[in-house]
Every structure is written in C-alpha cells, then in structure tokens.
Amino acid sequence: MQKNDSFADMMILFFIMVIGAAEAAHLFGVFFHRPISVCSMIFGVLGVLSAAALLCLWAFHRSKSADHGVDRNRKHPYSRNEKFLLLLFVFLVLTQVLFMLIGKNVYTKGDMTVETVRSFLQTNSAYQVNPLTGQPYAEGLPSRIQILCLPMLYAAVSSIFHITPDVLVLYVIPVVTLLCCYGAYGCLAEGLFPENRSRQLCFLAAVAFLIWIGSYGYGMDGFGLIFTGWRGVTIRNAVLIPYAVSCCLRRKYLCLLLCVLAEACIVWTLYGMGVCLLTILGMLLAGRLRRGAGKEDADGGAC
C-alpha cells in the first residue's frame, strides 16, 4: 500500500501529462483554427512545465521521506534468484525492443495514423485534409474523432524533434509505449507484492514472457504492444489499465482520475472508451466488499 511515487510512477505520470498537454494544444488548434506550428509550441511549453512539476513533486517526496528518516534507496543485496529473474526480465525486454526496431514489424492494416500525421504537417492544420485523397473533407469529421489527440501529439513531437512521421509512429512511439507498459506493471508488482522484490521480479518476468506469447495472436495485448504500439487502444490496455489497478491498490486516487481523462483523450467511443473507469469502479467495489467482510469477521471474532 505504498503511496510514495517511484521512478516508474514519475514515468507514467509524465506520459499521462504529455497526453494531456497534447489534448490541450489539439483542442486549441481545432476550435480556434490555429496552425500546427503554434500548437506544437504550446505542446512543448506544456510538456516542459509538466516535467518541471513532476521534478518538484519528486524532490518534495524525497525530502519528506528524509525528514521522516526513511531511506528509500536502501535495498538489500540481490540474491542469486533475484539476479536471475532480473537478467531474464531485462533479456526479454531487450529482445522485444530489438524485434520492434529491426525490420518492418508493424501492422498497419486499416490504420491511417501515419498518413494523418503527415497531412497535419504538410497542411499545417488539423483534420482539414483527407489523407486518403489529399482533398479537404467534404462534410467534415465527427467531433468524437476530432477530440482525439494522438495525431496532434505525434505531429508536434515530429515537428519539435524533426523526426519523420513514419519513424516516429511506427518505431519510436511503440518502444516508448512498451517501456511505459513495464513501468505500469512495475507499479502493479509493487502494489501486489510490497517489500518483496523476488516476487516483483518474478511477476515482471512473467508479464514480459506473456507479452511475447501474446504477440502471435491478433487482438492480444502482446500483439498490440509489439506491432501496433502507437494506437490509443494499445496505450489504454497496456499502460493505463495496469497503472490504474496499481493506483487502486495503493490508494492514489488523483492518479485514477488522470488515467480516466487520458483514456478519453486517446480512445474513440466505439473502441471501448470507459474501460479504465469500469476497471477502477470494479476495483474500488471489490476493495470495499473485502473491507466489509473483514470487519464482519472481526466483529464475529469479538463476539
């Protein structure tokens, strides 16, 4: 039930705040008809402010722990089993990253993300040109699609760091999503097995192994991570949901709200928007029932 923020927490929170910054810049550009160059500048400023806020939060928590005499950096030496599990986990992650970076290991059937990002950059505007035809939209786009911010996020990052949309979307973003996925599952391991590093490493190694296994079946989370890591559904399933579960276990309620808002920014309704909220409600209900059952057992024992 640790409430302190670890490095993995900071990584996931920064990832979520970047999504929020992209959504703010995207809505500004769509509703006020501002060019992508201006939206990219707004996104960059908000991203820097988010990083600064998280660094201040990290420093505050470390100083607070020091004031209470808690040394969170002190760890027992790794046992032989823990070293093996750590090496196994690192090996599985590195092989996944290499597999994603080498060759054309992507699945783009029915996906228009790269074309949409390229049209954003070429026209310097959001959702004004149909990427399939190169012509303006005849009837416009539904608002439920226009509010999704991932194309703006990728376009802004591509513009700021001068990375081509193909490389950014198909290779860089999937690796970032994979690493954030393991960060989220690391937080979940800490919530499930507090102060038990051996079980945490075993859990992470099992997750990495299952991701490899799932990569061979379309629709599995492993397939989404390995082949389509830029999609909002993949980010929701692999990052937001496990992190939300870990926050429920550690009672970090503000982070739960951030997970729900991040999902609303990246997932279209027909693809299951609201799964994070349903997961959180289910976890909170289960926790309440468990506490109620424990209280009844305690009262029965007292009688």
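So, here is what we can say about the structure in this document.

Quick notes on the rules
- Residues numbered from 1 in each chain as written.
- Predicted model: local features only at pLDDT ≥ 70, side-chain atom pairs only at ≥ 80, totals over all residues.
- Heavy atoms only, no water.
- Helix = DSSP H or I, 4+ residues; strand = E, 2+ residues; numbered from the N terminus.
- Buried < 20%, exposed > 50% of the residue type's maximum accessible area, 1.4 Å probe, protein only.
- Axes fitted to C-alpha atoms, helices over the stretch in contact; angles between N-to-C directions.
- Parallel < 35°, antiparallel > 145°, perpendicular 65-115°, else oblique.
- Left-handed = near helix turned anticlockwise from the far one by under 90°.
- Contact = heavy atoms within 4.5 Å.
- Nonpolar A, V, L, I, M, F, W, Y, C, P; charged D, E, K, R; others polar.
- Expected span 1.5 Å × (residues − 1).
- Patch = residues over 30% accessible without salt bridge, like charges linked within 9 Å, V, L, I, M, F, W, Y side chains within 5 Å.
- Areas by Shrake-Rupley, 256 points an atom, 1.4 Å probe, with all protein chains shown as cover.
- Salt bridge = Lys/Arg side-chain N within 4 Å of Asp/Glu carboxyl O.
- Core = buried A, V, L, I, M, F, W, Y, C linked by side-chain atoms within 4.5 Å.
- Phe/Tyr/Trp six-rings, centres within 6.5 Å; stacked < 30°, edge-to-face > 60°.
- Lys NZ or Arg CZ within 6 Å of the ring centre and 35° of its normal.

## A closer look at the overall build of the chain
Right, on to step 1. A count of helical and extended segments in the chain gives twelve helices and zero strands.
Right, on to step 2. Starting at the N terminus, the α and β elements of the chain follow one another as α-α-α-α-α-α-α-α-α-α-α-α.
Right, on to step 3. In the chain, which comprises 303 residues, the proportion classed as buried is 43%.

## Looking at unusual backbone geometry
Right, on to step 1. With a phi angle near 55°, histidine 33 is a residue other than glycine that sits in the positive phi range.
Right, on to step 2. Here histidine 33 is to be found in the loop between α1 (7-32) and α2 (36-67).
Right, on to step 3. Positive phi, close to 55°, is recorded for tyrosine 127, a residue that is not glycine.
Right, on to step 4. Looking at the element boundaries, tyrosine 127 is found in the loop between α4 (113-123) and α5 (143-146).

## Points about the packing of α4 against helix α6 (residues 150-161)
Right, on to step 1. Running from N to C, α4 and α6 cross one another at 60°; their axes reach a closest spacing of 9 Å. Classified by the angle their axes make, α4 and α6 are oblique. The handedness of the crossing between α4 and α6 comes out as right-handed. Here α4 contributes Thr113, Thr116, Val117, Phe120 and Leu121 to the contact with α6, which in turn contributes Pro151, Met152, Tyr154, Ala155, Ser158 and Ser159.
Right, on to step 2. Within the contact of α4 with α6, the residues separate by chemical class into seven nonpolar, four polar and no charged.

## What about α1?
Right, on to step 1. Here α1 spans 37 Å end to end across 26 residues, near enough to the 38 Å set by a 1.5 Å rise per residue.
Right, on to step 2. Once α1 finishes, histidine 33 follows within two positions and takes phi at roughly 55°, a positive value.

## Details of a nonpolar patch on the surface
Right, on to step 1. Together, Tyr78, Leu86, Val90 and Leu94 make up an exposed nonpolar region whose accessible area comes to about 330 Å².
Right, on to step 2. By the secondary structure assignment, leucine 86 is in helix α3 (residues 80-101).

## Here we look at the nonpolar core
Right, on to step 1. By size, the foremost hydrophobic cluster in this structure holds 81 residues, and its most contacted members are Phe43, Leu153, Tyr154, Tyr182, Val239, Tyr243 and Ile266.
Right, on to step 2. The dominant element in this core, judged by the number of residues it contributes, is helix α7 (residues 165-192), at 15 residues.
Right, on to step 3. Contact partners of isoleucine 266, with chain neighbours within four places excluded, come to Ile19, Leu148, Cys149, Leu150, Gly232, Ile235, Arg236 and Leu240.

## Structural notes on the packing of aromatic side chains
Right, on to step 1. Under the criterion given, the structure shown has eleven aromatic pairs.
Right, on to step 2. Consider the rings of phenylalanine 120 and tyrosine 127, whose centres lie 5.0 Å apart with planes at 90°: the pair is edge-to-face. Neither residue differs from the other here; phenylalanine 120 and tyrosine 127 are each classed as buried.
Right, on to step 3. Ring-pair connections join several aromatic residues into one group, and the members of that group are Phe99, Tyr107, Trp212, Tyr218, Phe223 and Phe227.
Right, on to step 4. Seen from the ring of tyrosine 78, arginine 197 lies directly overhead, with NZ or CZ sitting 3.9 Å from the centre.

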